[in-house]
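# Reading the structure
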Amino acid sequence: MLMRKAGEKVSAQGSRPPYTLITTWENRSELLAIMRNALGLAEQVQNLWERSGQRGHLSQSDTDEMILLLSEMSALSEAARRLD
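No experiment lies behind these values; they were computed from the predicted model shown.

Let us look at the overall build of the protein chain. A count of helices and strands for the protein chain gives two helices and zero strands. Scored against the burial criterion, the 84 residues of the protein chain give a buried share of 14%. Within the protein chain, contacts between residues at least 6 apart in sequence are counted, and of these 62% link residues at least 24 apart. Put simply, the protein chain shows about 7100 Å² of open surface, and 54% of that area lies on carbon and sulfur atoms.

Structure below.
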């Protein structure tokens, strides 16, 4: 995640994200639900990392779980893009 100070310009990658997310009071609850789900997925990925001995070598079942997590992350990202 790229963090920068207010007013700081982004260099090399341009000044705009690849997509724009518009939030309103009407879709606030949907956005918060997406963010809660994303946090849960991030925690599951962290658990996989820790189970791997922090080396990144996953068992087949952990690899299968990672693929499912990535699929769910993609679905959340798509849901966030559709908010308007």
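Here we come to the packing of helix 1 (residues 28-51) against helix 2 (residues 60-82). Remark: helix 1 packs on helix 2, axes separated minimally by 10 Å, with the N-to-C direction vectors making an angle of 160 degrees. With respect to each other, helix 1 and helix 2 are oriented roughly antiparallel. With respect to the hand of their crossing, helix 1 and helix 2 are arranged in left-handed fashion. Taken together, the residues of helix 2 that come into contact with helix 1 (itself represented by Ile34, Asn37, Ala38, Leu41, Ala42, Gln44, Val45, Leu48 and Arg51) are Asp62, Glu65, Met66, Leu69, Glu72, Met73, Leu76, Ala79 and Ala80. Considering only residue class, the contact of helix 1 with helix 2 consists of twelve nonpolar, two polar and four charged.

Turning to the confidence of the model for the protein chain, a few remarks are in order. Residue-level pLDDT values for the protein chain average 78, and 70% of them are 70 or greater. Across residues 1-13, confidence stays below pLDDT 50; counting only partners more than four residues off in sequence or on other chains, it has two contacts.

You can see Leu83 is positioned in the segment after helix 2. C-alpha of Leu83 to C-alpha of Glu30: the two residues are 53 residues apart in sequence and 8.2 Å apart in space.

Criteria and thresholds
Residues numbered from 1 in each chain as written. Predicted model: local features only at pLDDT ≥ 70, side-chain atom pairs only at ≥ 80, totals over all residues. Heavy atoms only, no water. Helix = DSSP H or I, 4+ residues; strand = E, 2+ residues; numbered from the N terminus. Buried < 20%, exposed > 50% of the residue type's maximum accessible area, 1.4 Å probe, protein only. Contact = heavy atoms within 4.5 Å. Areas by Shrake-Rupley, 256 points an atom, 1.4 Å probe, with all protein chains shown as cover. Axes fitted to C-alpha atoms, helices over the stretch in contact; angles between N-to-C directions. Parallel < 35°, antiparallel > 145°, perpendicular 65-115°, else oblique. Left-handed = near helix turned anticlockwise from the far one by under 90°. Nonpolar A, V, L, I, M, F, W, Y, C, P; charged D, E, K, R; others polar. pLDDT = per-residue confidence, 0-100.

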